[in-house]
Amino acid sequence: MRKHPRDTIIFQNIKEAEMKVVSGICNTREKIAESMSVDVSGINMRIIEAIENPLVIDTYQEAGKYFEISKDPDLAELPVPMYYRKDGGPYITAGVIIAKDPDTGVRNASIHRMLVLGKDRLTARIVPRHLYTYHQRAEANDEPLEIAIAIGMNPATLLATTTSVSITTDELEVANNFHNGEMKLIKCETVDLEAPECEILLEGKILPHERAQEGPFVDLTDTYDVIRQEPVIKLDKMHYRANTLYHAIMPAGNEHKLLQGLPQEPRIYKAVQNTVPTVKNVLLTEGGCCWLHAAVSIQKQTQGDGKNVIMAALAAHPSLKHCVVVDEDVDIFDVEDIEYAMATRVKGDEDILIVPRARGSSLDPCATPEGTTTKVGVDATKPIDKKEKFARVSQTL
Ligand code: MN
């Protein structure tokens with residue numbers, strides 16, 4: 001996977017398991033764009049449209065009919081890799097957990113890394129967002145939280161589960177917008193839940209009042225995350241398709257970076273648009289782990305727009321550490337073009353904004369123990385009154 005960072009890879013003849021492994025179905029922006037029928041520069045607008053217009057799904061099929069194999073759970077049958085030497089064990093990295101809010105019944109779908117503890121037991125990193133809240137609500141009543149875990153699905157569906165929508169929005173209905181309202185769900189057998197069409201489906205529950213050690217595991221920044229005590233999952237059923245492909249996402253690879261980071265771009269875009277309506281596009285660059293570095297292109301209208309964009313972008317995505325703003329004649333998808341703008345349009349004493357001791361990303365190895373870091377914004381836009389001096393001759397030929 002390391003050797004072929006942009007290819008889709010299928011591993012066959014795995015010694016310890018009969019299933020094949022696939023990796024890299026979402027490891028380029030081109031593949032993600034294709035899955036939602038847009039070009040790369042249109043991904044952000046397509047995500048905004050889907051989030052604002054979730055579509056109800058009312059077509060169902062039975063798990064027993066969709067999957068050729070349904071049986072008691074045995075995770076030893078899945079080729080779950082251990083990726084790096086010091087990992088806490090084999091980790092499921094493309095598992096989407098589906099659950100319903102015990103109070104409201106709203107469905108949630110979110111991707112979580114899951115450490116295999118035994119043939120029917122896992123622990124999952126559950127950050128304090130929607131699934132965490134559902135589990136807290138169930139736990140307050142001493143109840144388990146029913147879940148389904150879907151592994152191996154359409155890239156656009158998978159991407160929808162990584163969007164930061166409100167707790168009252170169902171990510172599967174966002175996915176259904178990507179699929180033009182044609183999604184079918186699978187009805188689970190042992191839990192009152194529905195899952196998207198997938199290669200492997202696990203059914204079970206998150207137990208109340210039980211925790212296990214989660215980690216060590218590698219995060220976006222290619223560094224080890226801290227070890228935590230996390231909730232325990234007990235499985236009751238396992239389904240998979242004949243000739244199934246087990247989807248494995250390599251930690252800190254492009255697929256991980258894009259799935260986690262790319263859905264933050266539309267949020268930054270909307271925040272910047274409030275300040276500078278002529279924003280063209282926003283990118284969290286792969287080199288910045290799709291998390292710490294943003295490039296924003298704008299059609300500059302007044303002197304100072306660049307600085308305002310920096311402040312809006314840093315506020316919109318609190319993990320953002322460095323932000324560069326360029327004019328619309330610079331292609332933010334081309335890192336050389338961004339460097340060109342920094343080389344020719346930046347004066348260090350005027351165009352760099354430094355914000356010390358701001359709240360940053362817990363993933364940033366530079367962050368202080370209390371979670372602060374220094375934010376830097378680079379205004380690489382042309383001065384509004386000297387546009388001719390900065391015009392790129394090769395673009396005017
Ligand atoms: Mn949610």
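Preceding this paragraph is the structure being described.
Computed from a prediction, not measured in an experiment: that's the story for all the values here.

So, how was this worked out
- Residues numbered from 1 in each chain as written.
- Predicted model: local features only at pLDDT ≥ 70, side-chain atom pairs only at ≥ 80, totals over all residues.
- Heavy atoms only, no water.
- Helix = DSSP H or I, 4+ residues; strand = E, 2+ residues; numbered from the N terminus.
- Buried < 20%, exposed > 50% of the residue type's maximum accessible area, 1.4 Å probe, protein only.
- Polar contact = N/O pair within 3.5 Å; in protein donor to acceptor, adjacent residues only side chain to side chain.
- Contact = heavy atoms within 4.5 Å.
- Donors = N, O, S within 2.8 Å, 3.2 Å for Na, K, Ca; no water.
- Axes fitted to C-alpha atoms, helices over the stretch in contact; angles between N-to-C directions.
- Parallel < 35°, antiparallel > 145°, perpendicular 65-115°, else oblique.
- Left-handed = near helix turned anticlockwise from the far one by under 90°.
- Nonpolar A, V, L, I, M, F, W, Y, C, P; charged D, E, K, R; others polar.
- Salt bridge = Lys/Arg side-chain N within 4 Å of Asp/Glu carboxyl O.
- Pairing = 2+ DSSP bridges.
- Phe/Tyr/Trp six-rings, centres within 6.5 Å; stacked < 30°, edge-to-face > 60°.
- Lys NZ or Arg CZ within 6 Å of the ring centre and 35° of its normal.
- Arc of directions from axis to C-beta.

Q: Run through the side chain of D329, naming residues and quoting values.
A: With respect to the element layout, D329 can be found in the loop between β18 (322-327) and α10 (335-345). Residue classification places D329 among the buried positions, given a relative accessible area of 16%. Reaching out from D329, the side chain makes a polar contact with the side chain of R345 at a distance of 2.8 Å. Apart from the residues within four sequence positions on either side, D329 is in contact with D337, R345, K382, R392 and Q395.

Q: Any chance you could break down the coordination of the manganese ion for me, citing the residues and the numbers?
A: Within the first shell, the manganese ion binds the protein through N108 (OD1), H130 (ND1) and E171 (OE), at distances of 2.0 to 2.1 Å. Sequence positions of the residues that donate to the manganese ion give the spacing N-x21-H-x40-E. Linking N108 in strand β7 (residues 107-111) with E171 in helix α6 (residues 171-178), this pair joins segments that are 63 residues apart in sequence. Residue class for E171 comes out buried when judged on its relative accessible area of 2%.

Q: Before we move on, can you summarise the packing of helix α2 (residues 43-52) against α6 with the specific residues and values?
A: For the pair α2 and α6, the least separation of the axes is 8 Å and the interaxial angle reads 125°. In this view, α2 runs oblique relative to α6, as classed from their interaxial angle. For the crossing formed where α2 meets α6, the hand is right-handed. On the side of α2, the interface is formed by R46, I47, E49, A50 and I51, while α6 contributes V174, N177 and F178.

Q: Pulling in residues and values, what's your account of the packing of α2 against helix α8 (residues 265-275)?
A: Packing of α2 against α8 brings their axes to within 9 Å, and their N-to-C directions diverge by 90°. Classified by the interaxial angle, the pair formed by α2 and α8 is roughly perpendicular. Together, N44, M45, I47, I48 and E52 of α2 and E265, P266, Y269 and K270 of α8 make up the contact between the two elements. Here the contact of α2 with α8 is composed, by residue class, of five nonpolar, one polar and three charged.

Q: I'd like a description of the pattern of salt bridges, backed by residues and values.
A: The full count for this structure, using the stated rule, is 28 salt bridges. For R46, the salt bridge goes to E49, with nearest N and O atoms at 3.7 Å. In this pair, R46 and E49 are both assigned in helix α2, three residues apart and thus about one turn of the helix distant. Under the relative-accessibility criterion, E49 is labelled partly exposed at 40%.

Q: Describe the sheet that holds strand β1 (residues 9-11), listing the residues and the values that go with them.
A: The mixed open sheet is built from three strands, whose spatial order is β1-β2-β15. Each having just a single partner strand, β1 and β15 (245-247) make up the two edges of the open sheet. Between one strand axis and the next, the sheet turns through 30° on average, direction left out of account. Where β1 meets strand β2 (residues 20-23), three bridges bridge the pair, whose relative direction is antiparallel. Following the sheet pairing, I9 is matched in β2 by S23.

Q: Could you give an account of the packing of aromatic side chains, with specific residues and numbers?
A: The way to describe two aromatic rings as a pair is by their centre distance and the angle between their planes. The full count for this structure, using the stated rule, is two aromatic pairs. Plain terms: the ring middles of Y66 and F67 are 4.9 Å apart, the flat faces sit at 85° to each other, and that makes the pair edge-to-face. Taken individually, Y66 and F67 each receive the classification buried, so the pair is uniform in this respect. If you follow K187 out to its NZ or CZ, it ends over the ring of Y60, 4.2 Å from the centre. Positioned above the aromatic ring of Y66 is the side chain of R241, whose terminal nitrogen or guanidinium carbon lies 4.3 Å from the ring centre.

Q: How would you summarise α8 if you had to cite specific residues and measurements?
A: Among all positions in α8, only E265, P266, I268, Y269 and V272 are buried. With its buried residues spanning 155° around the axis, α8 presents them on a single face.

Q: Mind laying out the sheet that holds strand β11 (residues 185-187), listing which residues take part and the relevant values?
A: On the basis of which strands lie adjacent, the open sheet formed by three strands has the order β3-β11-β12 and mixed pairing. If you trace the sheet from one side to the other, it starts and ends with β3 (60-62) and β12 (194-196), each paired once. Averaged over neighbouring strand pairs, the angle between their axes works out to 40° when direction is ignored. Bridge count for β3 against β11 is three bridges, and the pairing is parallel. Within β11, the residue paired with Q61 across the bridge is I186.

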